[in-house]
Amino acid sequence: MGAGPSRILADLDVVAEEIHPASEWRAEIRTTFELYRALADAVHEAVQLGDFPVVLSGNCGASIGAAAGIGTNDLATLWFDAHGDYNTPDTTDSGFLDGMALAILTGRCWNTLAASIPRFAPIPPSRAMHVGARDYSPGERDALLYDNVWLVEPPSLAEPGVASMLDAMRRNASKMLVHLDVDTIDPRFGRANPFAVDGGLSPDDVLRIIELAAQRFTIAGLVIASYDPSVDAEGKIAAIARRVIETLSSRA
């Protein structure tokens, strides 16, 4: 999935800044948090210049660094993903650090290392809306509901309650970070990665919910994650990602 950003950028007229870890020694957890710290500084600099930050990443944890760079004090997140991303080291059945991304962002785990990210503070779970989940680890869905994360699963996409949830979130935040793991999109529109599962969203569903959010919040940044071009020979998902980038960048 680390090849995804280059594939998405291939047909965009942009200048991209690459983020690199601080040390040459590679260790999954250490290196990951080094990248979050570097990304937080890069996004902060972009925001200070008045730019709209767009982050392309092989995995979902980039939203932690992006949120820190934007500033979490008045920030909510719209989190699109086919998976819960709400595991912890004690609950994971896969050992996949990226499956803990939303849990880290909301302060559920890895708090000591998260505190090392410049300007990072957790976003309260009630300021997170998770959209498109349909493949959970054991106990993950219950944890999301228990912590009051707003959960919008595919069967509920058309319900007016989505707007009401966003209205409730707006009482405690004015800015929003949009996180799009492209496997939230149903494989019939293009296969995002080997973990994609049926029953997902259409590109129009994604843009419609983003528009509902944009009517209530200032969209402060966009993260697009987890695209594996090796399983998308026709580039359908890359085209969808570019559509989202262009829509939000033009609005910004």
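So, here's what we can say about the structure.

Reading the values: rules and limits
Residues numbered from 1 in each chain as written. Predicted model: local features only at pLDDT ≥ 70, side-chain atom pairs only at ≥ 80, totals over all residues. Heavy atoms only, no water. Helix = DSSP H or I, 4+ residues; strand = E, 2+ residues; numbered from the N terminus. Rg over C-alpha atoms; globule rule 2.2 N^0.38 Å. Buried < 20%, exposed > 50% of the residue type's maximum accessible area, 1.4 Å probe, protein only. Contact = heavy atoms within 4.5 Å. Areas by Shrake-Rupley, 256 points an atom, 1.4 Å probe, with all protein chains shown as cover. Lys, Arg positive; Asp, Glu negative; His and termini not counted. Charge placed at Lys NZ, Arg CZ, Asp CG, Glu CD. Core = buried A, V, L, I, M, F, W, Y, C linked by side-chain atoms within 4.5 Å. Pairing = 2+ DSSP bridges. Salt bridge = Lys/Arg side-chain N within 4 Å of Asp/Glu carboxyl O. Polar contact = N/O pair within 3.5 Å; in protein donor to acceptor, adjacent residues only side chain to side chain. Phe/Tyr/Trp six-rings, centres within 6.5 Å; stacked < 30°, edge-to-face > 60°.

## Notes on the overall build of the protein chain
Assigned secondary structure in the protein chain consists of 9 helices and 6 strands. Whereas a compact globule of 252 residues would reach a radius of gyration of roughly 18 Å, the protein chain reaches 16 Å, a difference of no more than 12%. Considered along the principal axes of its C-alpha atoms, the protein chain spans approximately 45 × 40 × 40 Å. The buried share among the 252 residues of the protein chain stands at 54%. In the protein chain, of all internal contacts separated by at least 6 residues, the share reaching a separation of at least 24 is 70%. Split by element, the accessible area of the protein chain, about 11000 Å² in all, is 50% carbon and sulfur. Once the 20 positive and 34 negative side-chain charges of the protein chain are each reduced to a mean point, those two points are 5 Å apart.

## So, the nonpolar core
The biggest cluster of nonpolar side chains holds 39 residues, and the ones touching the most others in it are Leu78, Phe80, Val131, Leu166 and Met176. Counting residues per element, the ones that place at least two in this core are β2 (75-80), β3 (128-131), α7 (161-170), β5 (175-181), α8 (203-214), β6 (218-225) and α9 (236-251). Once you skip the residues sitting within four places of it in the chain, Met176 turns out to touch Leu75, Ala76, Thr77, Leu78, Leu166, Met169, Ala213, Phe217, Thr218, Ile219, Ala220 and Gly221. Grouped together as the second largest cluster of nonpolar side chains are 37 residues, Leu39, Ala40, Ile70 and Leu75 included.

## Thoughts on the pairing of β2
With 6 of its 6 residues buried, β2 lies for the most part within the structure. Side chains Leu75, Thr77 and Trp79 project from β2 onto one buried face, and the interleaved Ala76, Leu78 and Phe80 project onto a second face that is buried too. Looking at chain direction, β2 and β5 are connected through 6 bridges and run parallel. Looking at β5, one finds that Leu78 is bridged to Val178.

## Things to note about unusual backbone geometry
Here the phi dihedral of Arg119 falls at roughly 70°; this positive angle occurs in a residue that is not glycine. Note on placement: Arg119 falls in the loop between α5 (111-114) and β3. Looking at Arg119, the relative accessible area reads 38%, which means it is partly exposed. For Asn148, which is not glycine, the phi torsion reads 70° and is therefore positive. When you line up the elements, Asn148 lands in the loop between α6 (140-146) and β4 (150-152). The exposure class of Asn148 is exposed, given its relative accessible area of 52%.

## Looking at the environment of Glu234
Its place among the elements puts Glu234 in the loop between β6 and α9. The exposure class assigned to Glu234 is exposed, which follows from its relative accessible area of 65%.

## A short note on the side chain of Asp181
Of note, Asp181 is situated in strand β5. It turns out Asp181 is buried and unbridged, and the closest side chain with the opposite charge, Arg134, is 8.5 Å from it. A polar contact of 3.3 Å, which involves the side chain of Asp181, links it to the side chain of Ser226.

## Notes on the packing of aromatic side chains
All chains considered together, the criterion is met by 3 aromatic pairs. Centroid distance Phe96 to Phe195: 6.5 Å. Interplanar angle 35°. Geometry classified as tilted. Here Phe195 lies in the loop between β5 and α8 and Phe96 lies in the loop between β2 and α4 (101-105), a separation of 99 residues in the sequence. For Phe96, a relative accessible area of 39% puts it in the partly exposed group. A network of ring pairs unites the aromatic residues Phe33, Tyr36 and Trp110 as a single cluster.

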